[in-house]
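Residue-level listing of the chains:
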Amino acid sequence: MALNESFLQELKYKTDIEDVISSYVTLKKRGSTSVGLCPFHNEKTPSFTVYNDTQSFYCFGCGAGGDAVGFIRRIENLDYIDAVKLLAQRAGMPMPEENTYDDSLSRKRRKILEINRETAKFYNAYMMSPEGKKGREYFLDRGLTPNTIKHFGLGYAPDEWDALLKHLKEMGYRPSEMVDAGVVKIGKNNNYYDTFKNRVMTPIIDVRGNVIAFGGRVLDDSKPKYVNTSDTLVYKKTNELFGLNFAKDSGSDCLILCEGYMDVIAMHQAGFTNAVAGCGTALTPEQVRLISRYTNEVILAYDADEAGQKAVSKAVNLFKQTDIKIKIPAFSGGKDPDEIIKKMGRDKFKGMLEGASNEIEFAMLDARKKYNLNSTQGKIDFINDCIKILCDVTPVEQDLYLTRLSNELDVTKASIKAQLSNYSKRRNYKNQKSQYKKIISDSSREMTRQSYETDASVKQIKAEDRILGLLLKYPDCRRLCTDFDSDNLSSAFSKKVFNAIISRLDMELDIDLMNFSETLTSDELGRLSGIIARTRESSNPKQEFTDCISTICSEYDKKHSVSAGEMSDDDFRNLFKKNK
């Protein structure tokens, strides 16, 4: 059962989309709209637009769009009801009685979170018991204090196949619910067993304080070394950062990004409470976008080994697509932050962080390692690499680095600058051609994709998008399509949205975007938001609407027309009757 209209009406009245989105995205006014960097894909040039008049948002870069509910669903990874609840709480509104709407998915999420919380308590309590001494000693041997163990809620999974299963059953939870949470699995013979066995456990907690997943590590060198919760309804590893629930309140202007959970825990214990780590084996674009919501600067405190340095290079490329400033420290005295802090001490480690180089210096130092700067060819190759690195930095930064290169290599600054200028011109020309081709290609591809999906002409697709936009902008157009059959529309999306709009208009209900959030998927909301964003004012909307309807019907008739040779005798005779 859907949420009642009066509740949604009040929620719309008390919710300003720009106010909601500005909590996550830095917005700048641009006429009647506001723009910012899209939180759903990496970009340096703002293509994310908020429309106050329609209380909607749309990204011209990735196609994400919708209303305030749709934004919260995407940014917080929530279902429809939970997103509405968050906005209602924000507006100081109580939710309607639960039996007046379908809350099944929301209840399932809450059940998973309850099970995760009880699982974390179970592992921690077991570790603190005499039977869990082995797990407790592991953490103490790693240098963690009892306070740190408590702070992060660390625990130990018993060396049994059904200890947690039995415990949660006693609490009234069903095995199928435990499977949904990822803490129990189903065997080949449909037997249930614990996901984690004989492992030290690290709960993963989101920024709202919910236990959403677990990381389990063996106490020796057996394989697999790590077992982590698979993706569930409340957890997607590519979207989460371990330790962010604490780091966001650290008061620091930057975040320290580490490779593993133990690095984060050791750094927090040493006072670096702004440390976080990605969940999963590699940093993802989603995690980078999450970081951008909390800071403008990141220190990449990755391991000093070859794998760690490769991870640094990948992370640098991801952060280049954002406005986040990055710094890379040169670690020594240990393979990772945890080991360095133990061997060298907190102050020494702090000095390494403070002496971190920026991404330009890091790239130039990395390039330097490839060449013999005592040879002429080595200098030439090194300068060529540096020119590519310096091409995208500000003029002031270019000048400083060119001066440094000139002094170090005994090459005139003017000659290096001239080579940089020539390279920049050639690259800019190539980029402009490439961007133009991409714009044309993307536009053509989108139309081709829609045409392929629906087997419709581009003319019909444009006409269908236009009538949807006109209906939402000029509801009086409803009277012009009383005889129009929505089956003439080419796509399931167009039919679904058209019928939803007509239905609400006929019942004299609002047709704001929020009213479609429950019935449309995130992708459908994005597409509809794009149509709204591109819907221009019309000097004669009714005439334009009529013309679009005629185009759609004409294109439909063309597609479904049958040649005389394919007609039955009766159909052929009827054709002449129609024309009399």
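This is a predicted model, so every value here is computed, not measured. (Residues numbered from 1 in each chain as written. Predicted model: local features only at pLDDT ≥ 70, side-chain atom pairs only at ≥ 80, totals over all residues. Heavy atoms only, no water.)

Caption draft 1: Quick peek at the overall build of the protein chain. For the protein chain, the count of helices and strands is 24 helices and 17 strands. A burial count over the protein chain gives 46% of its 580 residues as buried. Residue pairs at least 24 apart in sequence account for 62% of intrachain contacts in the protein chain once pairs closer than 6 positions are excluded. Put simply, the protein chain shows about 30400 Å² of open surface, and 49% of that area lies on carbon and sulfur atoms. Side-chain charges in the protein chain split into 85 positive and 83 negative, and the spacing between the mean points of these groups amounts to 4 Å. (Helix = DSSP H or I, 4+ residues; strand = E, 2+ residues; numbered from the N terminus. Buried < 20%, exposed > 50% of the residue type's maximum accessible area, 1.4 Å probe, protein only. Contact = heavy atoms within 4.5 Å. Areas by Shrake-Rupley, 256 points an atom, 1.4 Å probe, with all protein chains shown as cover. Lys, Arg positive; Asp, Glu negative; His and termini not counted. Charge placed at Lys NZ, Arg CZ, Asp CG, Glu CD.)

Caption draft 2: Seen up close, the sheet that holds strand E15 (residues 297-300). Read across the open sheet, the 6 strands follow the order E12-E14-E13-E15-E16-E17; overall the sheet is mixed. Because the sheet does not close on itself, it has two edges, and the strands there are strand E12 (241-242) and strand E17 (357-358). Of the pairings in the sheet, the one linking E15 to strand E16 (residues 325-328) comprises 3 bridges and is parallel in character. Note on E16: the bridge partner recorded for Glu-297 is Lys-325. (Pairing = 2+ DSSP bridges.)

Caption draft 3: Seen up close, the pairing of E15. Where strand E13 (residues 255-258) lies against E15, 3 bridges are found, and the strand directions are parallel. Its bridge partner lying in E15, Leu-257 is registered against Leu-300. This β-α-β element, E15 to helix H13 (residues 306-319) to E16, shows right-handed connectivity. (Right-handed = clockwise from strand over helix to strand, strands pointing away.)

Caption draft 4: Main features of the environment of Ala-275. Following the sequence through the fold, Ala-275 ends up in strand E14 (residues 275-278). Ala-275 sits in the buried class, given a relative accessible area of 0%. The contacts of Ala-275, once residues within four sequence positions are left out, are Phe-242, Gly-243, Ala-247, Ile-256, Cys-258, Val-264, Met-267 and His-268.

Caption draft 5: Geometry of helix H12 (residues 285-292). Along H12, the residues classified as buried are Gln-287, Val-288, Arg-289, Leu-290 and Ile-291. For H12, the secondary structure elements touched by its buried residues are E12, helix H10 (244-247), E13, E14, E15 and H13.

Caption draft 6: Quick look at the nonpolar core. Ranked by size, the top nonpolar core spans 59 residues in total, and within it Phe-139, Val-183 and Ile-256 carry the most contacts. Per-element accounting of this core gives the leading share, 8 residues, to helix H5 (residues 104-128). Residues within four places of Ile-256 in sequence aside, it is in contact with Met-267, Phe-272, Asn-274, Ala-275, Val-276, Ile-299, Ala-301 and Leu-353. Judged by nonpolar contacts, the second largest core, of 31 residues, contains Val-25, Cys-59, Ile-72 and Ala-88. (Core = buried A, V, L, I, M, F, W, Y, C linked by side-chain atoms within 4.5 Å.)

Caption draft 7: Local environment of the pattern of salt bridges. With the rule as written, the count across this model stands at 34 salt bridges. As a salt-bridge pair, Asp-523 and Arg-74 come within 3.8 Å of each other at their nearest N and O atoms. Of the two residues, Asp-523 is situated in helix H22 (residues 522-534) and Arg-74 in helix H3 (residues 68-76); the sequence distance between them amounts to 449 residues. The class of Asp-523 is exposed, set by a relative accessible area of 60%. Among the ionic contacts, a cluster of salt bridges with common partners joins Glu-76, Asp-206, Arg-208 and Arg-293. (Salt bridge = Lys/Arg side-chain N within 4 Å of Asp/Glu carboxyl O.)

Caption draft 8: Here's a closer look at the confidence of the model for the protein chain. Per-residue pLDDT for the protein chain averages 87, and the proportion of residues at 70 or more is 91%. The model gives residues 442-449 a pLDDT under 50, and that stretch makes 3 contacts with residues more than four places away or in other chains. (pLDDT = per-residue confidence, 0-100.)

Caption draft 9: A look at the packing of aromatic side chains. Under the definition given, this model contains 21 aromatic pairs. Arranged with centres 5.6 Å apart and planes meeting at 65°, the rings of Phe-40 and Phe-71 form a pair that is edge-to-face. Note that Phe-40 is positioned in the loop between strand E2 (33-36) and strand E3 (48-51) and Phe-71 in helix H3, a separation of 31 residues in sequence. Ring pairing ties together the aromatic residues Phe-122, Tyr-123, Tyr-126, Tyr-156, Phe-196 and Phe-214, which thus form one cluster. (Phe/Tyr/Trp six-rings, centres within 6.5 Å; stacked < 30°, edge-to-face > 60°.)

Caption draft 10: Looking closely at helix H16 (residues 359-368). Within H16, burial applies to Ile-360, Phe-362, Met-364 and Ala-367. Check the buried side of H16 and you find it contacts H13, E16, E17, helix H17 (376-390) and helix H18 (395-409). The backbone nitrogen of Ile-360 has a side-chain oxygen 3.0 Å away, supplied by the residue at the start of H16, namely Asn-358. (Polar contact = N/O pair within 3.5 Å; in protein donor to acceptor, adjacent residues only side chain to side chain.)

Caption draft 11: Summary view of the sheet that holds strand E4 (residues 56-59). The strand order across the open sheet formed by 5 strands is E1-E2-E3-E4-E5, and the pairing between neighbours is antiparallel. Edge positions in the sheet fall to strand E1 (28-30) and strand E5 (65-66), since each of these pairs with one other strand and no more. By the bridge criterion, 4 bridges tie E3 to E4 in an arrangement that is antiparallel. By the bridge assignment, Thr-49 is partnered in E4 with Tyr-58.

Caption draft 12: Main features of the pairing of E13. Alternating positions in E13 separate into two faces, Leu-255 and Leu-257 on one and Ile-256 and Cys-258 on the other, with burial throughout. Pairing of E13 with E14, which is carried by 3 bridges, proceeds in the parallel orientation. Its bridge partner being in E14, Cys-258 is matched across the sheet by Ala-277. Read from E13 through helix H11 (residues 261-269) to E14, the crossover connection turns out right-handed.

Caption draft 13: Broad picture of the state of the cysteines. According to the stated counting rule, one finds 0 disulfides in the structure shown. The structure places no disulfide on Cys-386, whose sulfur is separated from the nearest cysteine sulfur, that of Cys-391, by 13 Å. In this structure Cys-553 is a free cysteine whose sulfur lies 10 Å from that of Cys-481, the closest cysteine sulfur available. (Disulfide = S-S within 2.5 Å.)

Caption draft 14: Structural detail: the environment of Asn-358. Take Asn-358: it is sitting in strand E17. On the basis of relative accessibility, which here comes to 23%, the residue Asn-358 falls in the partly exposed class. Taking the C-alpha atoms as reference, Asn-358 lies 7.8 Å from Lys-325; in sequence the two are 33 residues apart. At 3.1 Å, the side chain of Asn-358 and the side chain of Tyr-401 are in polar contact.

Caption draft 15: The arrangement of the side chain of Asp-79 in detail. With respect to the helices, strands and loops of the structure, Asp-79 is situated in the loop between H3 and helix H4 (80-90). Engagement of the side chain of Asp-79 in a polar contact is seen with the backbone nitrogen of Ile-81, the distance being 3.1 Å.

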